[in-house]
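One-letter residues, chain by chain:
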Amino acid sequence: MFFARLAPHLRRGQAGERRAAAYLKAQGLVIVANNFRSRYGEIDLIARDGAELVFVEVRSRKAGAQVSAAASISAAKQEKIRKTAQVYLQQHYRILPPCRFDAVCIDGADITWLRAAF
C-alpha cells in the first residue's frame, strides 16, 4: 500500500495545529472542530470559550523566519476565514452565538495567542 509523505511545511503545520489545540485546551477552551473546510477556505480550529465561539487561525514559522507567524495572516486570508466562518455558522446554528477570530502564532519554540486578532 502506498502512503504519500507530507511535505515538511505541511507536517510543521499539522504539528502546529496540534500544539495550538493543546495550548488552547490548557487555557480552558473546548475544541469543537478542526480543519473545517468550505469553498472559501479552511478554519484550523473552532473552539468554545465560555459562551463565545472562537475561530482560530494557526500559523507556524521556523525560528528565525523573515516574516513572523502573526505578520503572515494577510487581509485576504482573514476574509477567507470570515466567509468560511459564515458557512460554519449557517450549517450549525439557528441562533448565532457571540463569535471572535483568534490567532495562535508559533515562531520556533514561542507560542502567542492573539485574542480577537481580526
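Heads up: the structure comes first, above all this text.
None of the values given here were measured: they were computed from a predicted structure.

A.B. asks: Describe the overall build of the chain, naming the residues involved and giving the relevant values.
C.D. replies: Helix and strand counts for the chain stand at two helices and five strands. In the chain, the order of α-helices and β-strands from amino to carboxyl end is α-β-β-β-α-β-β. Considering only C-alpha atoms, the chain reaches an extent of 40 × 35 × 30 Å along its principal axes. By residue count, 36% of the 118 residues in the chain fall in the buried class. Sequence separation of at least 24 residues holds for 54% of the intrachain contacts in the chain that already meet a minimum separation of 6. Treating the 19 positive side-chain charges of the chain as one cloud and the 10 negative ones as another, the clouds have centres 6 Å apart.

A.B. asks: Can you lay out the environment of Ser-74 for me, pointing to particular residues and giving the numbers?
C.D. replies: By the element assignment, Ser-74 lies in the loop between strand S3 (52-61) and helix H2 (75-92). Classification of Ser-74 by relative accessible area gives partly exposed; the value is 34%. Counting along the chain gives 23 residues from Ser-74 to Pro-97, while the straight-line C-alpha distance between them is 26 Å.

A.B. asks: So what's going on with the layout of surface pockets? Residues and values would help.
C.D. replies: By volume, the largest pocket amounts to about 450 Å³. Looking at the lining of the largest pocket, the elements with two or more residues in it are helix H1 (8-26), strand S1 (30-38), strand S2 (41-49) and S3. Here the lining of the largest pocket gets six residues from one element, more than from any other, and that element is H1. Residue classes in the lining of the largest pocket are distributed as three nonpolar, five polar and nine charged.

A.B. asks: Before we move on, can you summarise the sheet that holds strand S5 (residues 110-114) with the specific residues and values?
C.D. replies: Spatially, the five strands line up as an open sheet ordered S1-S2-S3-S4-S5, and their pairing is mixed. At either end of the open sheet lies a strand with only one pairing partner, and these are S1 and S5. Looking at each pair of strands side by side, their axes are set apart by 25 degrees on average, direction ignored. Summarising the sheet, S3 and strand S4 (residues 99-107) pair through nine bridges and their orientation is parallel. When the bridges of S4 are listed, Glu-57 appears paired with Ala-103. Those strands touched by H2 are S1, S2, S3 and S4, and its axis lies near 110 degrees from that of S1.

What counts as what
Residues numbered from 1 in each chain as written. Predicted model: local features only at pLDDT ≥ 70, side-chain atom pairs only at ≥ 80, totals over all residues. Heavy atoms only, no water. Helix = DSSP H or I, 4+ residues; strand = E, 2+ residues; numbered from the N terminus. Buried < 20%, exposed > 50% of the residue type's maximum accessible area, 1.4 Å probe, protein only. Contact = heavy atoms within 4.5 Å. Lys, Arg positive; Asp, Glu negative; His and termini not counted. Charge placed at Lys NZ, Arg CZ, Asp CG, Glu CD. 1 Å grid on protein atoms, 1.4 Å probe; cavity = no way out; pocket = protein on both sides within 12 Å on 5 of 7 lines; lining within 4 Å. Points joined across faces, edges and corners; volume = space filled by probe spheres on them. Nonpolar A, V, L, I, M, F, W, Y, C, P; charged D, E, K, R; others polar. Pairing = 2+ DSSP bridges. Axes fitted to C-alpha atoms, helices over the stretch in contact; angles between N-to-C directions.

The values are spatial; any link to function lies outside them.
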